[in-house]
Amino acid sequence: MNSQSGVKNIILHTHIFQIFTKDLITLKPCNHIQAACDIKLHLKATDKWTIVGEWTGAQTDCAKWLNGLGNGPRFV
C-alpha cells in the first residue's frame, strides 16, 4: 500500500509496547526512553500519516489479567 500502487489517504496507527520480551523488560528506564525516541526513525521512513495511539514504558506485564483471566505475569 504505497503511492505507486494508487493507494492514498492511509493512516498508520501503531501501538508501541516495551514489555512483551525478556530483553525489553530488562531495560533501564533511560533505555526505555531512548527506545521510544528511536522508533521515530522507523516511523518517519513511511510515506503514510502516522499516529502512535498507545505506548508503554512499563517495567513488567503484571497488570491484572493482562495475560488472560486468571493468568499472572510472565516476567517478574
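Calculation rules
Residues numbered from 1 in each chain as written. Predicted model: local features only at pLDDT ≥ 70, side-chain atom pairs only at ≥ 80, totals over all residues. Heavy atoms only, no water. Helix = DSSP H or I, 4+ residues; strand = E, 2+ residues; numbered from the N terminus. Buried < 20%, exposed > 50% of the residue type's maximum accessible area, 1.4 Å probe, protein only. Contact = heavy atoms within 4.5 Å. Patch = residues over 30% accessible without salt bridge, like charges linked within 9 Å, V, L, I, M, F, W, Y side chains within 5 Å. Areas by Shrake-Rupley, 256 points an atom, 1.4 Å probe, with all protein chains shown as cover. Salt bridge = Lys/Arg side-chain N within 4 Å of Asp/Glu carboxyl O. Polar contact = N/O pair within 3.5 Å; in protein donor to acceptor, adjacent residues only side chain to side chain. pLDDT = per-residue confidence, 0-100.

Caption draft 1: Just the overall build of the chain, in detail. A count of helices and strands for the chain gives 2 helices and 2 strands. In sequence order, the secondary structure elements of the chain are arranged as β-α-α-β. The buried share of the chain, taken over its 76 residues, is 13%. Across the chain, the fraction of contacts at a sequence separation of at least 24, relative to all contacts at a separation of at least 6, is 70%.

Caption draft 2: Fine view of a nonpolar patch on the surface. A contiguous nonpolar patch, built from Ile11, Trp49 and Ile51 and spanning about 350 Å² of accessible area, is present on the exposed surface. Note on Trp49: relative accessible area 62%, which makes it exposed.

Caption draft 3: Local environment of the side chain of Lys48. Following the sequence through the fold, Lys48 ends up in the loop between helix H2 (29-44) and strand E2 (49-56). Of the polar contacts made by the side chain of Lys48, one reaches the side chain of Asp47; its length is 2.6 Å.

Caption draft 4: Geometry of the environment of Thr50. Tracing the backbone shows Thr50 in strand E2. Look at Thr50 and you get partly exposed, because its relative accessible area is 29%. Put simply, Thr50 and Thr14 are 36 residues apart on the chain and 7.6 Å apart in space, counted from C-alpha to C-alpha. Excluding its chain neighbours within four sequence positions, the residues that come into contact with Thr50 are Leu12 and Leu43. Among the polar contacts listed, one links the side chain of Thr50 to the backbone oxygen of Lys48, at a separation of 3.1 Å.

Caption draft 5: Representation of the environment of Gln18. Following the sequence through the fold, Gln18 ends up in the loop between strand E1 (11-17) and helix H1 (22-25). Owing to a relative accessible area of 6%, Gln18 belongs among the buried residues under this scheme. Separated by 42 residues in the primary sequence, Gln18 and Thr60 place their C-alpha atoms 8.9 Å from one another. Here the side chain of Gln18 touches His32 through a polar contact of 2.3 Å, side chain to side chain.

Caption draft 6: Structural view of the confidence of the model for the chain. Across the chain, the average pLDDT comes to 79, with 87% of residues at 70 or higher. Here E2 stands out as the element of the chain with the lowest mean pLDDT, 79, in contrast to H2, whose mean of 86 is the highest.

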